[in-house]
Amino acid sequence: MASPIEIEAMRRAIDAARFVVRTFPNPRVGCVLLDTNGNEIAIGVHQGAGTPHAEVDALTQAGSRAAGATAVVTLEPCNHTGRTGPCAQALIDAGVVRVVFAQSDPNQQAAGGALTLRAAGIDVEAGVLAIEAAEINIAWSHAVTTGRPFVTWKYAATLDGLSAAPDGSSKWITGTEARRDVQKFRAGVDAIVAGTGSVLADDPRLTIRDEDDNPLPYAQQPLRVVVGQRTIPRFYRVFDQTAPMLLIQSRDPDTVLKKLAEREIRHVWLEGGPRLAGAFWNAGLIDRVIGYIAPALLGAGLPALEASATTLADLRPIDLSDLTMIGKDIRLIGTPLKAPREDFD
């Protein structure tokens, strides 16, 4: 059983991993090394593909002090050679005598680290704060277990559920604070997806920008994806050189996600418009909803979602996990439920 010191170290490892913004296409992982007295020797994090894994980062910092140490890791040490070597073997080679990890690795290509460590005589404790650790890798875990990216649908709407005026204009329904809040979420995804209709109407950049509305460096930008069969003129901003860009000439959500999975995209940020969102909703391919509701009414215009409901029995509830005021707007975050809530019967 994990000691209180190891549990506290796991919390520090989780916090360290949480604050790494984007590790595409890998998971967020933190690792704390403890000496025989429970003192912290080093704390490592994974920064993304091609960089050292969290365990190796911590071992490098510790050097010879790693011999006899306990490694507290948010994810089961990997057991395969990819862009880097297996972390399980690195821990063995460093002389670590105990490994405490939280989430078991759901990626079958990398799993098995615990068995390798035990076979080498290392004491292994699994499942410590597993739920908390899994929370920071929901999208990645979903992608590696289902074979398709996790999809977050973001929308902005008025109190009467409209995302654009009758003429199609939608800039801006929400305030500055809400739009800045969106940038924080965008920073952690792998692809930002919009439909051709939305792009033609609004000419969005689909990039991550700083507080002064300047785009972040190209290497930090998610893939911009425009979906649909309408032609986008080359002078539109999605074609500029501030971020990578991909055109997918299909309206089928399964086709879109398959093409993105081939590029190791784990987390898709679906921005719109309402027809594209409706297609994903009808297909049951929206995993999280983030809505920004402005304290205003339009009275007429385009709905945030154009789906195929025909009767109230088609109502699909959202399990809300967050309800927050962002400036003057309301932010809602929730998960679509697969079955109706009991109190909706």
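Notes on the structure follow.

Our next topic: the overall build of the chain. A tally of helices and strands in the chain yields 10 helices and 15 strands. Relative to its length of 345 residues, the chain is compact, with a C-alpha radius of gyration of 22 Å against a globular reference of 20 Å. With the C-alpha coordinates aligned to their principal axes, the bounding extent of the chain is approximately 70 × 50 × 35 Å. For the chain, buried positions account for 48% of its 345 residues. Pairs at least 24 apart in sequence give 69% of the contacts found in the chain among residues at least 6 apart. Carbon and sulfur atoms form 52% of the exposed surface of the chain, whose accessible area is close to 16500 Å². Averaged over its 34 positive side-chain charges, the chain has a centre that lies 6 Å from the centre of its 40 negative ones.

In this structure, the second largest pocket occupies an estimated 950 Å³ of space. Lining the second largest pocket are 36 residues; nearest its centre among them are Arg28, Glu135, Ile136, His267 and Arg288. Broken down by secondary-structure element, the contributors of at least two residues to the lining of the second largest pocket are helix H6 (138-146), strand E6 (150-157), helix H7 (176-186), strand E11 (267-272), strand E12 (288-293), strand E14 (318-326) and strand E15 (329-336). Taken together, the residues of the lining of the second largest pocket break down into 17 nonpolar, nine polar and 10 charged.

Okay, the side chain of Thr23 next. Looking at where Thr23 falls in the secondary structure, it is placed in the loop between helix H1 (4-18) and strand E1 (30-34). Classification of Thr23 as buried rests on a relative accessible area of 5%. Within polar-contact distance, the side chain of Thr23 engages the backbone oxygen of Asn26 at 2.6 Å. A distance of 3.5 Å separates a polar side-chain atom of Thr23 from the backbone oxygen of Pro27. Excluding residues within four positions of it along the chain, Thr23 makes contact with Arg28, His46, Gln47, Gly48 and Ala49.

Here we come to the environment of Met325. Take Met325: it is sitting in strand E14. On the basis of relative accessibility, which here comes to 53%, the residue Met325 falls in the exposed class. Along the chain, Met325 and Glu177 lie 148 residues apart, while their C-alpha atoms are 9.8 Å from each other.

Looking at the element boundaries, Asp160 is found in the loop between E6 and strand E7 (162-164). Asp160 gets classed as partly exposed once you look at its relative accessible area, which sits at 31%. The sequence separation of Asp160 and Ala304 amounts to 144 residues, and the corresponding C-alpha distance is 9.8 Å. Beyond its immediate stretch of four places on either side in the chain, Asp160 contacts Ala296, Leu297, Leu298 and Gly299.

This part is about the pattern of salt bridges. Within the structure shown, the criterion is met by 15 salt bridges. Where Asp190 meets Arg22, a salt bridge forms, and the shortest distance between an N and an O atom there is 3.6 Å. Here Asp190, found in the loop between H7 and strand E8 (191-195), pairs with Arg22, found in the loop between H1 and E1; they are 168 residues apart in sequence, far enough to count as distant. The salt bridge partner of Lys154 is Glu271, with a shortest N-O separation of 4.0 Å. A residue pair is termed long-range when its members are at least 10 positions apart, and Lys154 in strand E6 and Glu271 in strand E11 qualify at 117 residues. Side by side, Lys154 and Glu271 carry an identical accessibility label, which is buried. What emerges from the salt-bridge pattern is a single network uniting Glu6, Arg98 and Asp123.

Now for the sheet that holds strand E3 (residues 70-75). Spatial strand order, E2-E1-E3-E4-E5: five strands in an open sheet with mixed pairing. Among the strands making up the open sheet, the edge pair consists of strand E2 (40-45) and strand E5 (123-125). Here the average twist between neighbouring strands, direction ignored, is 15 degrees. Direction of pairing for E1 relative to E2: antiparallel, over a ladder of five bridges. Pairing of Leu34 across the sheet is with Glu40, part of E2.

Two elements in contact, helix H2 (residues 54-62) and helix H3 (residues 87-94), have axes separated by 9 Å at closest approach and are oriented at 20 degrees. In terms of orientation, H2 and H3 fall into the roughly parallel class. Crossing geometry of H2 relative to H3 is assigned as left-handed. Residues Glu55, Val56 and Leu59 of H2 lie in contact with H3, whose contacting residues are Cys87, Ala90, Leu91 and Ala94. Class assignment for the residues of the contact of H2 with H3 results in six nonpolar, no polar and one charged.

What follows is about the sheet that holds E12. What the eight strands build is an open sheet, ordered E10-E9-E8-E11-E6-E12-E15-E14; its pairing is mixed. Across the chains shown, the open sheet's two edge strands, defined by having one partner strand only, are strand E10 (245-248) and E14. Direction aside, neighbouring strands of the sheet carry axes that sit 20 degrees apart on average. Judged from the five bridges that link them, E12 and E15 form a sheet pairing that is antiparallel. In the sheet register, Gly291 faces E15, and the bridge partner there is Leu332. Running at roughly 145 degrees to E10, helix H9 (residues 253-261) makes contact with E6, E8, strand E9 (223-227), E10 and E11 of the sheet.

What counts and what doesn't
- Residues numbered from 1 in each chain as written.
- Predicted model: local features only at pLDDT ≥ 70, side-chain atom pairs only at ≥ 80, totals over all residues.
- Heavy atoms only, no water.
- Helix = DSSP H or I, 4+ residues; strand = E, 2+ residues; numbered from the N terminus.
- Rg over C-alpha atoms; globule rule 2.2 N^0.38 Å.
- Buried < 20%, exposed > 50% of the residue type's maximum accessible area, 1.4 Å probe, protein only.
- Contact = heavy atoms within 4.5 Å.
- Areas by Shrake-Rupley, 256 points an atom, 1.4 Å probe, with all protein chains shown as cover.
- Lys, Arg positive; Asp, Glu negative; His and termini not counted.
- Charge placed at Lys NZ, Arg CZ, Asp CG, Glu CD.
- 1 Å grid on protein atoms, 1.4 Å probe; cavity = no way out; pocket = protein on both sides within 12 Å on 5 of 7 lines; lining within 4 Å.
- Points joined across faces, edges and corners; volume = space filled by probe spheres on them.
- Nonpolar A, V, L, I, M, F, W, Y, C, P; charged D, E, K, R; others polar.
- Polar contact = N/O pair within 3.5 Å; in protein donor to acceptor, adjacent residues only side chain to side chain.
- Salt bridge = Lys/Arg side-chain N within 4 Å of Asp/Glu carboxyl O.
- Pairing = 2+ DSSP bridges.
- Axes fitted to C-alpha atoms, helices over the stretch in contact; angles between N-to-C directions.
- Parallel < 35°, antiparallel > 145°, perpendicular 65-115°, else oblique.
- Left-handed = near helix turned anticlockwise from the far one by under 90°.

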